[in-house]
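Structural overview
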There are 2 protein chains.
Amino acid sequence: MGRLTLDDLVEGVVAGDRRCLGRAITTVEEGDETSWSLLKRLSPHIGSALRVGITGPPGAGKSTLADALVRELRTRDLGVGVIAVDPSSPFTGGALLGDRVRMLRATEDPEVFVRSMASRGCLGGLARTTQEAADVLDAAGKDIVLFETVGVGQSELTVASACDLTIVVLVPEAGGMVQAMKAGVMEIADMFVVNKADRPGADEMEFQLVDASRYLISDGRRPPVLKTSALKDEGLAALADEVLQYREWLHQGDRLELRRKAQAKTRIRELVRSALEEKFWSQAGVDESLSVAAETFRQGEQSLLEVAQSFWLSVREQIAVSDIS
Amino acid sequence: MGRLTLDDLVEGVVAGDRRCLGRAITTVEEGDETSWSLLKRLSPHIGSALRVGITGPPGAGKSTLADALVRELRTRDLGVGVIAVDPSSPFTGGALLGDRVRMLRATEDPEVFVRSMASRGCLGGLARTTQEAADVLDAAGKDIVLFETVGVGQSELTVASACDLTIVVLVPEAGGMVQAMKAGVMEIADMFVVNKADRPGADEMEFQLVDASRYLISDGRRPPVLKTSALKDEGLAALADEVLQYREWLHQGDRLELRRKAQAKTRIRELVRSALEEKFWSQAGVDESLSVAAETFRQGEQSLLEVAQSFWLSVREQIAVSDIS
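Residues numbered from 1 in each chain as written. Chains lettered and ligands numbered in written order. Predicted model: local features only at pLDDT ≥ 70, side-chain atom pairs only at ≥ 80, totals over all residues.

**Here we look at the overall build of chain A**
Counting its regular elements, chain A contains 13 helices and seven strands. Of all 325 residues assigned to chain A, the portion counted as buried reaches 47%. Here the contacts in chain A between residues at least 6 apart in sequence split such that 75% fall between residues at least 24 apart. (Helix = DSSP H or I, 4+ residues; strand = E, 2+ residues; numbered from the N terminus. Buried ≥ 20, exposed ≤ 12 C-beta atoms within 10 Å, placed from the backbone. Contact = placed C-beta atoms within 7 Å.)

In structure tokens, the structure reads:
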């Protein structure tokens, strides 16, 4: 691919050109100066896609479900983008990613754009770049952007908090629900799916979730519970219906506006937080001031709190959010 | 226990009164105004104890080893304090703590002060209060303060980074070494112990560790590898010898001074970091500014980075480290 000007890239993305889409997502992943210019230029085109997060414990069949849902949405002529989020785990990361890439090859449909994104040890950064990749797909006119995450963890919560619709996927086995409750994903569910519903216990799990959903009513809406068998392609039409009904519901009143504003708050907060956590402490001036503070503390004249307070006052001007990448 | 003035408490701690010790540690755990005053008053008496961290993967027998080491050190007439660190785990926390408390009852020796400390969901806070509890035991004249941690994780690394001597405990089974390497605890080891050394594979594990220790030479010192069987009380005298030799080595030149300064840096950094992470975002003014920033971003005139930067400039004055508790 030859050299592209920013104008070319913006134009290509908005036109939905696949190569430009890929290039633009790589650009936001790199997070340099160009990436900010690109996003700014794209911003008039961002905002109409529904961002759907699919989350749940490992083994719930999220990849297969995402794949089946995408195919179902495509039969309704909707443009779909998929962002597969891989917090690199030393234990499972590689294998799962491999499985998923194989899985998603099933969607060899030019209107479906799939991108796998792995964290580089920094979950905050991952949450940010996945949202920016979604911005790119949104600007390209995709109707639905699906985020699919591996496992349950803090990264999932962050990803979900930036979605319009969060689908929590569980399997009939009760352990998954306990895991999901522990991980705090029940509270963020806009919709539940009991996947692998051909297995024993599916009705019992459905019953439990319907019961639990009473406590999760938000804005007058109770999260529905659906049963699917992604492998057998059962329940997918009902799920797609539910997703599209949700989209209509969200467009009523100021719901979408409020949710998008909350998402923007999350994104700004994560950006500042990662700047604080990753960049601040490695600045030479900060380390020098920290040494001075440590020396003062060692002299025993001031408490740790007093020393920390003076240190902070002397260095907080040095945190420049623009440093982050 | 009646009302104690701060003077009484300081005097009691310095005299090594057990009830005052317990009360003082509770005070630092609460982390209020009194706790800072107390630590400041104690500071002239802090600095002579050797802080020893015992860490390693779950199942390595750290509690039993700590208990046996304490008894061995007591035969040499050394005053010992033990801080058992329990990052509360939803999976294992309770049971392990129960086991350990039973275990440490074996040391029913008035000169040994044992305190279990559990995190309240905040590892940064835990790291801080364990160090402050060690300060109290140090001020009370204990020669050795032992930190014993459950499992391997970020909390262990933080605890270890504030110790004078870190002992990494492994068992003959190779899996533990892999776990320890993944968790990054090999690099922080000043000493290795192959515990449960009566099991098959102990010599092989010792050989591997001796080999690996070549890469861990620091300040001209190569971490020694010892074999123990804490349950059978074997190898403990050699371990205690090694700990005391290390103490002598540390007192040569400016080693102790340098290490203590590095520890102070870590403690100040953790204090500021937890203030940033826990207090900053919940301030009313910060949330208001964040809403304004989100609104600006939603208007599409500025990039997320520009918005985040303005937000940060407008709120950074509001982070007061003195707010933290």
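There's plenty left to go through after this.
**Concerning the interface of chain B and chain A**
Listed per partner, the contact involves 38 residues of chain B and 38 residues of chain A. Secondary structure elements with two or more residues in the side of chain B that touches chain A: helix H3 (33-42), helix H11 (255-279), helix H12 (284-298) and helix H13 (304-315) of chain B. Across the side of chain B that touches chain A, the residue classes tally to 22 nonpolar, six polar and 10 charged. (Nonpolar A, V, L, I, M, F, W, Y, C, P; charged D, E, K, R; others polar.)

**Remarks on the relation of the copies chain B and chain A**
For the match of chain B to chain A, the screw axis carries a shift of 0.1 Å, the RMSD comes to 0.1 Å, and the turn is 180°. As the rotation angle and translation indicate, the two copies are arranged about a two-fold axis. Within chain B, the C-alpha atom positioned nearest to the axis of rotation is that of Arg316(B), 3.5 Å from it. (Least-squares fit on C-alpha atoms with pLDDT ≥ 70 in both.)

**Let's talk about helix H9 (residues 202-213) of chain B**
Residues and elements named next belong to chain B. Taking 1.5 Å per residue as the helical rise, H9 with its 12 residues ought to reach 16 Å, and the 16 Å between its terminal C-alpha atoms agrees with that figure. Every buried residue of H9 is listed here: Ala202, Met205 and Leu209. The arc that holds every buried residue of H9, seen down its axis, measures 65°, which confines them to one face. The exposed set on the far side of H9, more than 90 degrees from its buried face, consists of Asp203, Glu204, Phe207 and Asp211. (Expected span 1.5 Å × (residues − 1). Arc of directions from axis to C-beta.)

**Brief notes about unusual backbone geometry**
Residues and elements named next belong to chain A. Backbone geometry at Asp77 places phi at a positive 65°, although glycine is not the residue there. Residue placement: Asp77 occurs in the loop between helix H4 (62-75) and strand S2 (80-86). Under the C-beta neighbour-count criterion, Asp77 is labelled exposed, with 8 such atoms within 10 Å. We note that Asp219 has phi near 55°; this positive angle belongs to a residue other than glycine. Structurally, Asp219 can be placed in the loop between helix H9 (202-213) and strand S7 (225-227).

**Notes on the pairing of strand S5 (residues 165-170) of chain A**
Residue and element names in this part refer to chain A. Burial analysis of S5 places six of its six residues in the buried class, the great majority of the element. Side chains Leu165, Ile167 and Val169 of S5 all project onto a buried face; the interleaved residues Thr166, Val168 and Leu170 project onto the opposite face, where all are buried too. In this structure, strand S1 (residues 50-55) lies alongside S5, joined through four bridges in parallel fashion. Pairing of Gly53 across the sheet is with Thr166, part of S5. Both S5 and strand S6 (residues 191-194) contribute to a ladder of four bridges, which runs parallel. Of the residues in S6, the one forming a bridge with Ile167 is Met191. (Pairing = 2+ DSSP bridges.)

**Some details on H12(B)**
Relative to the 21 Å expected for 15 residues at 1.5 Å per residue, H12(B) spans 21 Å between its end C-alpha atoms, a close match to the ideal helical length. Contacts from the buried residues of H12(B) go to helix H11 (255-279) of chain A together with H13 of chain B. Directly after H12(B), the chain includes Gly300(B), whose backbone phi takes a positive value near 75°.

**A few points about the confidence of the model for chain A**
Residues and elements named next belong to chain A. Summary statistics for chain A give a mean pLDDT of 83 and a share of 83% for residues scoring 70 or more. The low-confidence segment residues 88-100 (pLDDT under 50) makes 11 contacts with residues lying over four places distant or belonging to another chain. Reported for the predicted complex are a pTM of 0.69 and an ipTM of 0.75. (pLDDT = per-residue confidence, 0-100.)

**Some thoughts on the nonpolar core**
Ranked by size, the top nonpolar core spans 178 residues in total, and within it Val52(A), Val136(A), Ile268(A), Val136(B) and Ile268(B) carry the most contacts. Each residue touching Val136(B), except ones within four places of it in the same chain, is listed here: Val13(B), Leu21(B), Ala24(B), Ile25(B), Val28(B) and Leu42(B). (Core = buried A, V, L, I, M, F, W, Y, C linked by C-beta atoms within 7 Å.)

**Quick look at the packing of H12(B) against H13(B)**
Residue and element names in this part refer to chain B. Relative orientation of the contacting elements H12 and H13 amounts to 155°, with a least axis distance of 10 Å. Comparing their axes, H13 and H12 come out roughly antiparallel. Crossing handedness for the pair H12 and H13: right-handed. Across the interface between the two elements, Val286, Ser289, Leu290, Ala293, Thr296 and Phe297 from H12 touch Leu304, Val307, Ser310, Phe311, Ser314 and Val315 from H13. (Axes fitted to C-alpha atoms, helices over the stretch in contact; angles between N-to-C directions. Parallel < 35°, antiparallel > 145°, perpendicular 65-115°, else oblique. Left-handed = near helix turned anticlockwise from the far one by under 90°.)

**Let's talk about the packing of helix H2 (residues 18-30) of chain B against H3(B)**
Residue and element names in this part refer to chain B. For the pair H2 and H3, the least separation of the axes is 7 Å and the interaxial angle reads 125°. Our classification of the angle between H2 and H3 gives oblique. Between H2 and H3 the crossing geometry is left-handed. Contact with H2, carried on its side by Ala24, Thr27, Val28 and Glu30, involves Thr34, Ser35, Leu38 and Leu39 of H3 and no other residues of that element.

**A closer look at the environment of Leu42(A)**
Residue and element names in this part refer to chain A. Position of Leu42 among the secondary structure elements: in helix H3 (residues 33-42). With 22 C-beta atoms packed within 10 Å, Leu42 lands in the buried category. Distance from Leu42 to Ala140, taken between C-alpha atoms, is 9.1 Å for residues 98 residues apart in sequence. Excluding anything up to four places from it in sequence, Leu42 contacts Val10, Val13, Asp135, Val136 and Ala139.

**Some points on the environment of Thr166(A)**
Residue and element names in this part refer to chain A. Here Thr166 lies in strand S5. Owing to 24 C-beta atoms within 10 Å, Thr166 belongs among the buried residues under this scheme. Residues Thr166 and Val52, spaced 114 residues apart in sequence, show a C-alpha to C-alpha distance of 5.8 Å. Non-local contacts of Thr166, meaning those with residues more than four positions away in its chain, are made with Gly53, Thr55, Ala160, Ile188, Ala189 and Asp190.

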